[in-house]
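# Reading the structure
Each chain is listed here by its residues.
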Amino acid sequence: MYAYVGSRTTRERNARGKGLSVFHFDDQRGVLTPVQIVDGLVNPSYLLLNSMGDVLYCVHGDLFEVSAFRVDKTTGRIAFLNCQGTQGKNPVHLALDSEERHLVVSNHIGASLAVLPIEEDGSLGPLKQLVQLHGEPGPHRIEQPHAKPHFNLFDPTGRFVLVPDKGLDAVFSFRYEGGALSTAPVSSVKAREAAGPRHMAFRPQGDMAYVINELDNTVAAYGYDPQTGTLNPRQVLSSLPDHYTGNSRASGIQVDAQGRFLYASNRGFDSIAVFAIDPQTGLLSFVAAIPSKGETPRFFTLSPDGRYLFVLNEDSDSIVSFAVDQQLGLLEETGEQVTTGSPVCMIFSA
């Protein structure tokens, strides 16, 4: 099995990364071993593999484009396929539709969603659709000047795309049909002022969705109606422990494969928050915030078997491995970590 890591690379981001890194992953010991670095890339950040595991897609932070790479499934090594523009600055997230014929991308500064077709060889076709987001910006004078979509997630049915917007303090739902998005949201739900919705995740049953709010370090739980794409507010909790009174920003969120635990990352109070999910109601209970053993855990991910959680500490250039307690959801440092400059995303091959 292989792992792929995207890193910030530019001086403007105060970055020390070299590009896209490939690691061999020993899933028995949770150990990462370097295989390849593809350098010369600008801020390869959020990554995505197709279901066959033979094409990798990558957005380029602060630019206007997304790239495709051919993956050698035997060696894990990657080779550039092609690149296409998204007609919006700073693409930050990407998702394939259920048929893997189109890619949806969030343009964070462009305040838009881009849809690009996937060619037969897995390469990217020219932009097919661009949908602008509109609304009243939140009150944060620096972070909320306009719409800022930060994530685009297909719901479990594949018929709706959910979009947390950090600038508008809202989560939007777009209908997706025939390789295109509805030109306007079919529904939306407001967050608290200056919450800054950033990323989201469904629990496996598909009836609950959870949103990490960056600016106020909270997690919001919503009931989800798959017939209408509607989110119904159920709960909001801090991702920080009660004793912490300093500044912090939340970033990542993930639900384990069994839907028992939710994890969220805090930057400032550098930690991974652990929540238990009630199996009946889907509501959350705060369990603990585990130190990330590094600075600014912008991203984290569970290993495919759920036995390990890897934390990417962007400002201390480290990927730290934790063992996951399968009964309690708690994390214990394994002692294994690798050094890589400014890591911001990590995914595993199938």
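Provided above is the structure to which this section pertains.
Here's what I pulled together on the structure shown here.

Rules used in this analysis
- In this convention, every chain numbers its residues from 1, walking through the sequence in written order.
- Side-chain atom pairs in this predicted model are given and counted only at pLDDT of 80 or more, local residue features only at pLDDT of at least 70, and totals for whole chains, interfaces and linings cover all residues.
- The basis for every side-chain value is the complete set of non-hydrogen atoms in the structure, without hydrogens or water.
- A cavity, in this analysis, means grid points on a 1 Å lattice covering only the protein atoms where a 1.4 Å probe fits yet has no way out; a pocket is instead an open set bounded by protein on both sides within 12 Å along at least five of seven lines, and a residue lines either one if it has an atom within 4 Å of a point.
- Grid points are joined across faces, edges and corners, and a volume is the space filled by probe spheres set on the points.
- Helix numbering and strand numbering both begin at the N terminus, where a helix is a DSSP run of H or I of at least 4 residues and a strand a DSSP run of E of at least 2.
- Put simply, Ala, Val, Leu, Ile, Met, Phe, Trp, Tyr, Cys and Pro go in the nonpolar bin, Asp, Glu, Lys and Arg in the charged bin, and everything else, Gly too, in the polar bin.
- When DSSP finds two or more bridges between two strands, those strands count as paired.
- Where helices are involved, their axes are fitted lines through C-alpha atoms of the stretch in contact, as for all axes, and angles between N-to-C directions lie from 0 to 180°.
- Working definition: with a 1.4 Å probe on protein chains only, accessible area under 20% of the residue-type maximum means buried, over 50% means exposed, and in between means partly exposed.

Another aspect to go through is empty space enclosed by the protein. Vacant regions in the atomic arrangement are exposed by a probe of water-molecule size rolled over the atoms. Tallied over the entire structure, the rule returns 2 cavities of 30 Å³ or more. Around the largest cavity, the lining comprises 13 residues; the ones closest to its centre are Tyr-46, Val-92, Arg-198, Arg-298 and Val-344. The set of elements that each furnish at least two residues to the lining of the largest cavity consists of strand 4 (44-49), strand 8 (91-96), strand 17 (197-202) and strand 25 (297-302). Lining the second largest cavity, in full, are Val-171, Ser-173, Ser-187, Ser-188, Val-189, Gly-229, Thr-230 and Leu-231. Classifying every residue of the lining of the second largest cavity by side-chain character gives 3 nonpolar, 5 polar and no charged.

This brings us to the sheet that holds strand 28 (residues 331-339). Taken together, 4 strands build an open sheet; the order of strands is 25-26-27-28 and the sheet is antiparallel. Only two strands of the sheet have a single neighbouring strand rather than two, namely strand 25 and strand 28. Put simply, the sheet's adjacent strands are angled 25° from each other on average, direction ignored.

One non-glycine residue, Asn-14, lies in the positive phi region at around 50°. Note that Asn-14 resides in the loop between strand 1 (2-7) and strand 2 (19-26). A relative accessible area of 59% means that Asn-14 is categorised as exposed. Phi at Asn-217 is positive, roughly 55°, even though this residue is not glycine. With respect to the helices and strands, Asn-217 occurs in the loop between strand 18 (208-213) and strand 19 (218-225). A relative accessible area of 2% means that Asn-217 is categorised as buried.

A sheet is described by the order of its strands in space; here 4 strands give the open sequence 3-2-1-29, paired in antiparallel fashion. Of all strands in the sheet, those with a lone pairing partner are strand 3 (31-39) and strand 29 (343-348), marking the two edges. Ignoring strand direction, the axes of neighbouring strands in this sheet form an average angle of 25°.

Here we come to the environment of Glu-12. Relative to the elements of secondary structure, Glu-12 occurs in the loop between strand 1 and strand 2. For Glu-12, a relative accessible area of 70% translates into the label exposed.

The computed volume of the largest pocket comes to approximately 1400 Å³. Surrounding the largest pocket, 48 residues form its lining, Leu-48, Leu-153, Gln-254, Val-255 and Thr-301 being those nearest its centre. Of all elements in the fold, only strand 4, strand 8, strand 12 (153-154), strand 17, strand 21 (249-255), strand 22 (261-267), strand 25 and strand 29 reach the threshold of two or more residues within the lining of the largest pocket. When grouped by side-chain class, the residues that make up the lining of the largest pocket number 28 nonpolar, 13 polar and 7 charged. Approximately 380 Å³ is the volume found for the second largest pocket. Lining the second largest pocket we find 17 residues, and of these Arg-13, Lys-166, Glu-214, Arg-267 and Arg-298 sit closest to its centre. For the lining of the second largest pocket, a count of residues per class yields 2 nonpolar, 4 polar and 11 charged.

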